[in-house]
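Examining the three-dimensional arrangement
Listed below are the residues making up each chain.
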Amino acid sequence: MSEMGKFLILIGAMIVFVGVALTLIGKVPWLGRLPGDLLIKRKEIVIYIPIVTCVLLSILLSILLVFLKR
């Protein structure tokens, strides 16, 4: 039963982390508007491809996971 408790605590912590991250990401004005992010505007269509933002977040999450594994 203790394994189930640990699992539920982990899931709860992950939900809290994602909630806090989603709340704070909206307050970072440059996130999503970095040089290298593609924005294509046509008459009625807007296509946004956040290439550099995805790479930056991937690098940051990789570094965070390396430190958490230690």
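Here the structure is a predicted model, which means the values were calculated and not measured.

Sheet topology places strand 1 (residues 38-41) next to strand 2 (residues 46-49); four bridges connect them, and they run antiparallel. Bridge pairing in strand 2 links Ile-40 to Ile-47. Counting the residues that bridge the hairpin from strand 1 to strand 2 gives four residues.

Over the atoms rolls a probe the size of a water molecule, and in doing so it shows where empty space is left. The volume enclosed by the largest pocket comes to roughly 420 Å³. If you go around the largest pocket, you meet 14 residues; those closest to its centre are Phe-17, Ala-21, Ile-25, Leu-57 and Leu-61. The leading source of residues in the lining of the largest pocket is helix 1 (residues 2-25), at six residues. Of the residues that constitute the lining of the largest pocket, the class distribution is 14 nonpolar, no polar and no charged.

Here the focus is the side chain of Asp-37. Within the secondary structure, Asp-37 sits in the loop between helix 1 and strand 1. Of the buried charged residues, Asp-37 lacks a salt bridge, with Arg-33 as the closest side chain of opposite charge at 8.4 Å. A polar atom in the side chain of Asp-37 sits 3.3 Å from the backbone nitrogen of Ile-51. For Asp-37, the residues in contact, after removing those within four places along its chain, are Gly-32, Tyr-48, Ile-49, Pro-50, Ile-51, Val-52 and Thr-53.

Turning to its location among the elements, Ile-49 is positioned in strand 2. Given a relative accessible area of 34%, Ile-49 falls into the partly exposed group. Between the alpha carbons of Ile-49 and Met-4 there is a distance of 40 Å; along the sequence they are 45 residues apart. With sequence-adjacent residues up to four places away left out, Ile-49 is seen in contact with Asp-37 and Leu-38.

Reading the values: the criteria
Residues numbered from 1 in each chain as written. Predicted model: local features only at pLDDT ≥ 70, side-chain atom pairs only at ≥ 80, totals over all residues. Heavy atoms only, no water. Pairing = 2+ DSSP bridges. Helix = DSSP H or I, 4+ residues; strand = E, 2+ residues; numbered from the N terminus. 1 Å grid on protein atoms, 1.4 Å probe; cavity = no way out; pocket = protein on both sides within 12 Å on 5 of 7 lines; lining within 4 Å. Points joined across faces, edges and corners; volume = space filled by probe spheres on them. Nonpolar A, V, L, I, M, F, W, Y, C, P; charged D, E, K, R; others polar. Buried < 20%, exposed > 50% of the residue type's maximum accessible area, 1.4 Å probe, protein only. Lys, Arg positive; Asp, Glu negative; His and termini not counted. Salt bridge = Lys/Arg side-chain N within 4 Å of Asp/Glu carboxyl O. Polar contact = N/O pair within 3.5 Å; in protein donor to acceptor, adjacent residues only side chain to side chain. Contact = heavy atoms within 4.5 Å.

Limitation: the analysis is restricted to geometry and does not speak to function.
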